[in-house]
Amino acid sequence: MIKDLNKALNLIAENDDMVPFLTSLKTLINGKTPVVLKKTGMSKEQLQDILENDTDLYFDDVIAILRALGYKMTVEPIS
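Below: a short report on this structure.

So, on to the layout of surface pockets. There is about 620 Å³ of room inside the largest pocket. Those elements that provide at least two residues to the lining of the largest pocket are helix 1 (2-15) and helix 5 (59-68). Counting residues per element, the lining of the largest pocket draws most heavily on helix 1, at seven residues. Here the residues of the lining of the largest pocket are counted per class, giving 17 nonpolar, three polar and two charged.

Mapped onto the elements, Thr 40 comes out in helix 3 (residues 33-40). Within polar-contact distance, the side chain of Thr 40 engages the backbone nitrogen of Met 42 at 3.2 Å. Contacts of Thr 40, omitting those with residues within four sequence positions, involve Ala 64, Ile 65 and Ala 68.

Another aspect to go through is helix 5. Every buried residue belonging to helix 5 is among Asp 61, Val 62, Ile 65, Leu 66 and Ala 68, and all of these are buried. Down the axis of helix 5, the buried side of the element spans an arc of 160°, and every buried residue falls inside it. Turned more than 90 degrees from where helix 5 packs its buried face, Phe 59, Asp 60 and Arg 67 sit exposed.

Moving on: the environment of Leu 22. Among the secondary structure elements, Leu 22 is positioned in helix 2 (residues 19-29). With 29 residues separating them in the primary sequence, Leu 22 and Leu 51 have C-alpha atoms 5.7 Å apart. Contacts of Leu 22, omitting those with residues within four sequence positions, involve Ile 50, Leu 51, Asn 53 and Leu 57.

Criteria and thresholds
Residues numbered from 1 in each chain as written. Predicted model: local features only at pLDDT ≥ 70, side-chain atom pairs only at ≥ 80, totals over all residues. Heavy atoms only, no water. 1 Å grid on protein atoms, 1.4 Å probe; cavity = no way out; pocket = protein on both sides within 12 Å on 5 of 7 lines; lining within 4 Å. Points joined across faces, edges and corners; volume = space filled by probe spheres on them. Helix = DSSP H or I, 4+ residues; strand = E, 2+ residues; numbered from the N terminus. Nonpolar A, V, L, I, M, F, W, Y, C, P; charged D, E, K, R; others polar. Polar contact = N/O pair within 3.5 Å; in protein donor to acceptor, adjacent residues only side chain to side chain. Contact = heavy atoms within 4.5 Å. Buried < 20%, exposed > 50% of the residue type's maximum accessible area, 1.4 Å probe, protein only. Arc of directions from axis to C-beta.

What follows is the structure, given as structure tokens:
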């Protein structure tokens, strides 16, 4: 799954396409919503709006969600 999330992040940079990233993020969160809500301090509605692309996605929200799931984001130079 993480390979898909990384690929989805690259698509944002290449095409400004958030849909694959949000789909991958939803898959990661599936079944772990209570943990994500508790660790991020987000409301259920706020998380739902983010995942349904009904609101602006802020970098700090992405980092908080990934951290709550036990992941981190890294940056690499373009090869």
